[in-house]
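# Structural description and commentary
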Amino acid sequence: MDLAAWRAAICQEVVPLDIQEIDGIPFRGHLDRVAVDDITLFQMAATPHRVRRTEELIGRRDGRFYKLSLQLSGHARLRQDGREALLEPGDLAVYDTHRPYELELDEHNQAMVIVFPHEVVDLPRDEVARVTATRFSPASGLGRVINPFFTELGRNMDQMVDVHGARLVQSALDLLITMLSQELHSQDDAGGPARSLATEVREYILERLGDPHLTPATVADAHYISLRHLYTIFSRQQEETVSAWIRKRRLEHIRRELTDPLHQEESVSSIAARWGLPNAAHFSRLFKSEFGVTPTTYRRRHLPETAS
């Protein structure tokens, strides 16, 4: 594609971006795309160019997404949230499409990019903001295991076309979240007790999502703090209440299992109960409000072979 076609394709398939040629080199690019539920994988190859996501462009679309970029060849310079990462082949980085960023690719390059909604990540948005534009190398830490996994995922995008591919993509994102969490923990060690308590509260909730009696009050009691203090530390991380965050995390885990072939013989109600929503009628109302259809309809659309 030339630059005009590339801009149009990126705007349609990802989010609106300002894309410019560098040093007068005529732009040429190639784009492959695979959609897995609400997660999209791209293989991109292009001549040098510069990308900007501005406040004005952000205002044109309501959807909130993260991007994971795996550099396959060439170099890329990513800037967001006051940080800059120089990505070499094999490096991973994450950035947020709902905040401004810049991406400069000053040579021929190839990359795999995964675009996924904020909602599929079990981390508060302001926590993820602490690790955007951070280089994760395949030569150190969890990158030795996780980066090669994403490299192979990119080489086999044609396999991501059924429910088993969806499970593999979700597993890849779980690995990414593990990597981000480790980086956040390393920062928390020097971040003082307030940040450590916020992290502890979030992890406590995630470990107990299956408990139907989990409430803000029980969370506060378990940490020997008042409800007001809990709301204060939580509001610094989230734009929603503690109860709303618990509900969304439960519904997201249920949604994943409803589309997972490993759970296709299990009833909808038993999956919901496992994640702390044992009242079938109440759960069905919550699910339809969040995803627009009943859980049974959602499952049939994504696992057509199931009769549940």
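Residues numbered from 1 in each chain as written. Predicted model: local features only at pLDDT ≥ 70, side-chain atom pairs only at ≥ 80, totals over all residues. Heavy atoms only, no water.

### Topic: the overall build of the protein
Going by this rule: What counts as a helix is a DSSP run of H or I of at least four residues, what counts as a strand is a run of E of at least two, and both are numbered from the N terminus. Radius of gyration here is computed from C-alpha atoms only, and the compact-globule reference equals 2.2 Å multiplied by the residue count raised to the power 0.38. Per-residue accessibility, obtained with a 1.4 Å probe over protein chains only, is compared with the maximum for each type, and a residue is labelled buried under 20%, exposed over 50%, and partly exposed between these values. Within this scheme the basic residues Lys and Arg register as positive and the acidic residues Asp and Glu register as negative, but His and the chain ends are omitted. By convention, the point assigned to a charge is CZ for Arg, NZ for Lys, CD for Glu and CG for Asp.
The number of helices and strands found in the protein is 12 helices and 10 strands. Relative to the globule expectation of 19 Å for 308 residues, the C-alpha radius of gyration of the protein, 20 Å, shows essentially globular dimensions. If you line up the protein on its principal axes, its C-alpha atoms span 60 × 50 × 40 Å. Looking at the protein residue by residue over its 308 residues, the buried ones come to 49%. Side chains of the protein give 37 positive and 45 negative charges; the mean places of these two sets differ by 4 Å.

### With respect to empty space enclosed by the protein
What counts here: Both cavities and pockets are sets of points on a 1 Å grid over the protein atoms alone; in a cavity a 1.4 Å probe fits but cannot get out, in a pocket the set is open with protein on both sides within 12 Å along at least five of seven lines, and lining residues sit with an atom within 4 Å of a point. Grid points are joined across faces, edges and corners, and a volume is the space filled by probe spheres set on the points. Residues are grouped as follows: nonpolar covers Ala, Val, Leu, Ile, Met, Phe, Trp, Tyr, Cys and Pro; charged covers Asp, Glu, Lys and Arg; every other residue, Gly included, is treated as polar.
Throughout the structure, instances matching the rule amount to two cavities of 30 Å³ or more. If you trace the largest cavity, you find 19 residues lining it, with Met44, His49, Val51, Leu103 and Leu105 closest to the centre. For the lining of the largest cavity, the secondary-structure elements that each account for two or more residues are α1 (3–13), β3 (39–46), β4 (49–53), β5 (65–73), β9 (101–105) and β10 (109–117). Considering only enclosed or pocket space, the second largest cavity measures out at about 40 Å³ in volume. Lining the second largest cavity we find Glu119, Lys248, Arg249, Leu251, Glu252, Glu290 and Phe291. Here the lining of the second largest cavity takes four residues from helix α9 (residues 242–258), the largest share from any one element. Counted by class, the lining of the second largest cavity contains two nonpolar, no polar and five charged residues.

### What to know about the nonpolar core
This is how the line gets drawn: The set of buried Ala, Val, Leu, Ile, Met, Phe, Trp, Tyr and Cys residues whose side-chain atoms join them within 4.5 Å is what this entry labels a nonpolar core. We call two residues in contact when some of their heavy atoms are within 4.5 Å.
Of all hydrophobic cores here, the largest spans 32 residues; its most connected members are Leu41, Leu92, Ile114, Phe116, Val121, Phe150 and Leu176. Here this core takes nine residues from helix α5 (residues 163–188), the largest share from any one element. If we skip the residues at most four places from it in the chain, Val121 touches Tyr66, Phe116, Val128, Ile177 and Arg249. If you look at the next biggest cluster of nonpolar residues, it comprises 28 residues, including Val201, Leu230, Ile246 and Leu258.

### Here we look at α1
Selection rule: Arc, as used here, means the arc of the directions from the helix axis to the C-beta atoms. Distance and chemistry together define a polar contact, namely a pair of N or O atoms within 3.5 Å, with one atom able to donate a hydrogen and the other to accept it when in protein, and with adjacent residues in sequence counting only for side-chain atoms on both sides.
Taken together, the buried positions of α1 are Leu3, Trp6, Ala9 and Ile10. An end-on view of α1 places all buried positions within 125° of arc, on one side of the element. Along α1, exposed side chains directed more than 90 degrees from the buried face belong to Ala4 and Gln12. In this structure, the buried residues of α1 make contact with β1 (18–21), β2 (29–36) and β3. The distance from a side-chain oxygen at the start of α1 to the backbone nitrogen of Ala4 is 3.3 Å, and the residue carrying that oxygen is Asp2.

### A word on the layout of surface pockets
Approximately 300 Å³ is the volume attributed to the largest pocket. Considering the residues around the largest pocket, the lining is formed by 18 residues, among which Arg167, Gln170, Arg256, Glu257 and Asp260 are closest to the centre. Among the secondary structure elements, those contributing two or more residues to the lining of the largest pocket are α5 and α9. Per-element accounting of the lining of the largest pocket gives the leading share, seven residues, to α5.

### Remarks on the sheet that holds β1
Definition in use: Strand pairing is assigned whenever DSSP identifies at least 2 bridges connecting the two strands. Interaxial angle, 0 to 180 degrees, is taken between N-to-C directions of lines fitted to C-alpha atoms, where a helix line uses only the stretch in contact.
Spatially, five strands are ordered β1-β4-β9-β6-β7 in an open sheet, and the strand pairing comes out antiparallel. Edge strands, defined here as strands with exactly one partner in the open sheet, are β1 and β7 (83–87). The average undirected angle you get between the axes of adjacent strands in this sheet is 15°. Note that strand β6 (residues 76–80) and β7 share five bridges and pair antiparallel. Residue pairing in the sheet places Arg77 in a bridge with Leu86 of β7.

### What to know about unusual backbone geometry
Located in the positive-phi region is Asp81, a residue other than glycine, with phi close to 55°. Within the secondary structure layout, Asp81 lies in the loop between β6 and β7. Judged by relative accessible area, Asp81 falls into the partly exposed class, the value being 32%. The residue Tyr224 is not glycine, and still its phi comes out positive at about 55°. Residue placement: Tyr224 occurs in the loop between α7 (216–222) and α8 (227–235).

### Comments concerning the pattern of salt bridges
Short version of the rule: In the sections that follow, a salt bridge refers to a side-chain nitrogen of Lys or Arg positioned within 4 Å of a carboxyl oxygen of Asp or Glu.
Tallied over the entire structure, the rule returns 22 salt bridges. Glu152 is the partner of Arg155 in a salt bridge, and the nearest nitrogen-oxygen pair spans 2.7 Å. Residue Arg155 and its partner Glu152 are both found in helix α4 (residues 143–155); the two are separated by three residues, about one turn of the helix. By relative accessible area, Glu152 is classed as partly exposed at 39%. Through salt bridges that share partners, Arg50, Arg77, Arg79, Glu84, Glu102 and Glu104 make up one connected network.

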